[in-house]
Every structure is written in structure tokens, then in C-alpha cells.
Amino acid sequence: MKIILAEGDITEQSVDAIVNAANSSLMGGGGVDGAIHRRGGPEILEECRALRASRYGKGLPTGQAVATTAGRLPARWVIHTVGPVYSRSEDRSHLLASCYRESLHVADSLGAATVAFPAVSTGIYRWPMEDAARIALSAVRQAGSGVAQSAVREVRFVLFNPGAYAVFERALEQMG
Ligand code: APR
């Protein structure tokens, strides 16, 4: 599995699957979520509604992932995952790592070979970028190795500004 860093808008990425930093309601929001629904069009929300009416009556739990169409985006699927809200008093790292692991699991079940991730939880959910980068990169790297390894060929982290890109670049270097 190749890990690539890019700076830009995730909705412009031509990949098999784009990961959305959603919330449990799956009904949209601001940040990445807002941009994906705006550019992808109403088909995405329609499928999200259907998921709420069937498998996820109580919403998508934190750390889990589910796929819908990508509507008009230049991708085949959107994989929605719910990151944890950052807490200084409680360690929720396992939930953030789970977002990456479960998203790749969904990507495998779809047969997606290329997947773009935003820095989940680092916006409205306030997770510090450095820590989030370390958790994201090691979760993805772990999923790409070992016996039950993911078949995803390329994971692209799409960072929204130069600062976030630099943090991910440093974290990747430090991992060796
Ligand atoms: N492309 C790539 N990255 C983006 C984009 C974009 N178009 N827009 C925002 N980002 C970056 C932010 O700068 C941040 O670093 O994505 C990261 C995640 O930020 P959020 O989208 O705010 O996601 P998160 O912190 O996980 O909060 C999720 O926000 O929009 C709501 O419905 C969503 O309630 C949920 C919450």
C-alpha cells in the first residue's frame, strides 16, 4: 500500500473512494461533510437517509464507516466515517484509529483500490493535528501490512492547508 500526501480539496480528488468526516446523523454538516454533500449533490443524502431508515436507525456509531454513492463527485463512492470529538480528559485515540481501519475495510468490500482521506476529527471536532496525523498514519500503515492486510493500493491524505500538510509530512518522516 502506497501512502501519499496531497494539499487541496478532497472533493476534487479522482479516486475510487473519498472518505467523509461525517457525524452520526449522516445528515450532513460543515467542513468536509458540507463540501462533499454540496458538490456531490442530493443523491448522497438520499442514500444516507435510506441507511438511517434501515441499518443505522440510531445513527452511525463513532469509529465506524459506511459507503454511499459519490453522486457527482469524481469518485465512485463516499465512505462516511464518524470521528470522535477530541477530549483532554479521555483518550479516544482508538476510535480515531478505528475510523481509518473501518473505512479501509469498507473500501476492500467495495473493491476500491484508491482511497482519499481527510484529517478526520481535526476541524470541528478539535483534535490536535500532530496527534491526529500520527494516529491516522499508523492506523493506515497497520491496515496495509500483516496477514489480514487491506487490498487498497493507494491511500491519499488530502490536507486542506499548508500547515496540515507540513504536519503530516513530518509525522510520515518520523515513522521512517
Ligand atoms: N477538503 C479537505 N479537507 C478539508 C476540507 C475539504 N474540502 N474542508 C475542511 N477540511 C479539513 C479541515 O481543515 C480539518 O483539518 O478537514 C479536517 C476535518 O475537519 P471537519 O470537516 O470539521 O471534520 P471533523 O473535525 O471530523 O468534524 C466533524 O463536522 O461538518 C461536521 O458533520 C460534520 O459534525 C461533523 C463534524
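As a reminder, the structure under discussion sits directly above these lines.
Scope of this entry: the structure provided in the associated data block. (Residues numbered from 1 in each chain as written. Predicted model: local features only at pLDDT ≥ 70, side-chain atom pairs only at ≥ 80, totals over all residues. Heavy atoms only, no water.)

Section: the site of the ligand
Now for step 1: Surrounding the ligand, one finds 23 residues, the nearest of these being N23, G30, D33, T122 and G123.
Now for step 2: Within the residue set of the shell around the ligand, elements represented by two or more residues are β2 (15-22) and α1 (31-40).
Now for step 3: Counting residues per element, the shell around the ligand draws most heavily on α1, at four residues.
Now for step 4: Counted by class, the shell around the ligand contains twelve nonpolar, nine polar and two charged residues. (Near = heavy atom within 4 Å. Helix = DSSP H or I, 4+ residues; strand = E, 2+ residues; numbered from the N terminus. Nonpolar A, V, L, I, M, F, W, Y, C, P; charged D, E, K, R; others polar.)

Here's the deal with the state of the cysteines
Now for step 1: Counted under the stated rule, the structure contains zero disulfides.
Now for step 2: For C48, which is in no disulfide, the shortest distance to another cysteine sulfur is to C99 and amounts to 15 Å.
Now for step 3: According to the relative accessible area criterion, C48 is buried, its value standing at 0%.
Now for step 4: Classification of C99 as buried rests on a relative accessible area of 1%. (Disulfide = S-S within 2.5 Å. Buried < 20%, exposed > 50% of the residue type's maximum accessible area, 1.4 Å probe, protein only.)

Details of the packing of helix α3 (residues 93-110) against helix α4 (residues 129-143)
Now for step 1: Running from N to C, α3 and α4 point in directions that differ by 40°, and their axes come no closer than 9 Å. Between α3 and α4, the interaxial angle falls into the category oblique. Crossing handedness for the pair α3 and α4: right-handed. Across the interface between the two elements, S93, L96, A97, Y100 and L104 of α3 pack against A132, I135, A136, A139, V140 and A143 of α4.
Now for step 2: Its residues assigned to classes, the contact of α3 with α4 comprises ten nonpolar, one polar and no charged. (Axes fitted to C-alpha atoms, helices over the stretch in contact; angles between N-to-C directions. Parallel < 35°, antiparallel > 145°, perpendicular 65-115°, else oblique. Left-handed = near helix turned anticlockwise from the far one by under 90°. Contact = heavy atoms within 4.5 Å.)

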